[in-house]
Amino acid sequence: MSDSVPPPLSAAEALRLAERAGAAARRPSPAPRWYGPVIAAGFVVCGIAAGQAIAAHQIWLVSLLGGAWGPLSGLLAWLAARGSGVVQRQSPPGMAGPVVLIVLAVSAAMLGAMALVGWVGGVQWGAAAGGVAGGAVFWAASRALDRRILRLREAG
């Protein structure tokens, strides 16, 4: 039985291969598929819980929910970034604007839904509606951002 050993690469081929590997490592990477739905579900759960806390006149629970959701969503973002290699790669240029727009869109959707449902008289469900609206907008916006990153990756 003969062991077939591939011929060694020439210096030029090895350099070309190393350059391609380096370029692939620097390409932007989208967030993992689980990130958008999990954060959206967190907005929904937090919104429903906040609405029920308001209805039960336990306003202190709203602060507790916000205080818990903030660090938890940050931890999830950190896990998503580390797991997909986003942290190790350079951020593509022009990403700050879309990220700021996502934050503003989520905030506007949440506030708009809360105001609308509150105006109709559903104070108990206002925060829940805000959570659902914010979660839906976040999920849609994160998918759009991932598509943008993939287009940049294919172009680069």
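Residues numbered from 1 in each chain as written. Predicted model: local features only at pLDDT ≥ 70, side-chain atom pairs only at ≥ 80, totals over all residues. Heavy atoms only, no water.

(A) Expanded view of the overall build of the chain. In terms of helices and strands, the chain carries five helices and zero strands. Secondary structure of the chain in N-to-C order comes out as α-α-α-α-α. Split into buried and exposed, the 156 residues of the chain put 28% on the buried side. Taking contacts inside the chain between residues at least 6 apart in sequence as the whole, the part at least 24 apart equals 79%. Counting only carbon and sulfur atoms, one obtains 70% of the accessible surface of the chain, whose full area is about 10,100 Å². (Helix = DSSP H or I, 4+ residues; strand = E, 2+ residues; numbered from the N terminus. Buried < 20%, exposed > 50% of the residue type's maximum accessible area, 1.4 Å probe, protein only. Contact = heavy atoms within 4.5 Å. Areas by Shrake-Rupley, 256 points an atom, 1.4 Å probe, with all protein chains shown as cover.)

(B) Representation of the packing of aromatic side chains. Throughout the structure, instances matching the rule amount to four aromatic pairs. When the ring of Trp 34 is compared with that of Tyr 35, the centres are 6.1 Å apart and the planes differ by 75°; the resulting orientation is edge-to-face. Its relative accessible area of 36% is what places Trp 34 among the partly exposed residues. Every member of this aromatic cluster is reached through a ring pair, and the members are Trp 34, Tyr 35, Phe 43, Trp 69 and Phe 138. (Phe/Tyr/Trp six-rings, centres within 6.5 Å; stacked < 30°, edge-to-face > 60°.)

(C) Summary view of the side chain of Ser 142. Tracing the chain through its elements places Ser 142 in helix α5 (residues 123-155). Assessed through its relative accessible area of 12%, Ser 142 is described here as buried. A polar contact of 3.0 Å, which involves the side chain of Ser 142, links it to the backbone oxygen of Trp 139. (Polar contact = N/O pair within 3.5 Å; in protein donor to acceptor, adjacent residues only side chain to side chain.)

(D) Molecular detail of a nonpolar patch on the surface. A contiguous nonpolar patch, built from Trp 34, Val 38, Leu 72, Leu 75, Trp 78 and Leu 79 and spanning about 550 Å² of accessible area, is present on the exposed surface. Tallying contributions element by element places helix α3 (residues 59-84) first for the nonpolar patch, with four residues. (Patch = residues over 30% accessible without salt bridge, like charges linked within 9 Å, V, L, I, M, F, W, Y side chains within 5 Å. Salt bridge = Lys/Arg side-chain N within 4 Å of Asp/Glu carboxyl O.)

(E) Seen up close, the nonpolar core. Counting 14 residues, the largest nonpolar core has Ile 39, Phe 43, Ile 102 and Phe 138 as its most contacted members. Listed by contribution, the elements that provide at least two residues to this core are α2 (35-55), α3, α4 (96-120) and α5. If we ignore the near neighbours within four places in the chain, the residues touching Phe 43 are Trp 69, Val 106, Met 110, Gly 131, Gly 134, Gly 135 and Phe 138. (Core = buried A, V, L, I, M, F, W, Y, C linked by side-chain atoms within 4.5 Å.)

(F) Seen up close, α2. Along its 21 residues, α2 runs 30 Å from first to last C-alpha, staying within 8% of the 30 Å computed at 1.5 Å per residue. Of the residues making up α2, those classed as buried are Tyr 35, Gly 36, Ile 39, Ala 40, Gly 42, Phe 43, Cys 46, Gly 47, Ala 50, Gly 51 and Ala 53. Down the axis of α2, the smallest arc covering the buried residues is 160°, so these residues share one side. Of the residues flanking the end of α2, it is His 57, one or two places downstream, whose phi is positive at about 60°. (Expected span 1.5 Å × (residues − 1). Arc of directions from axis to C-beta.)

(G) How the structure looks around unusual backbone geometry. One non-glycine residue, His 57, adopts positive backbone phi at about 60°. One can find His 57 in the loop between α2 and α3. With relative accessibility at 67%, the residue His 57 sits in the exposed group.

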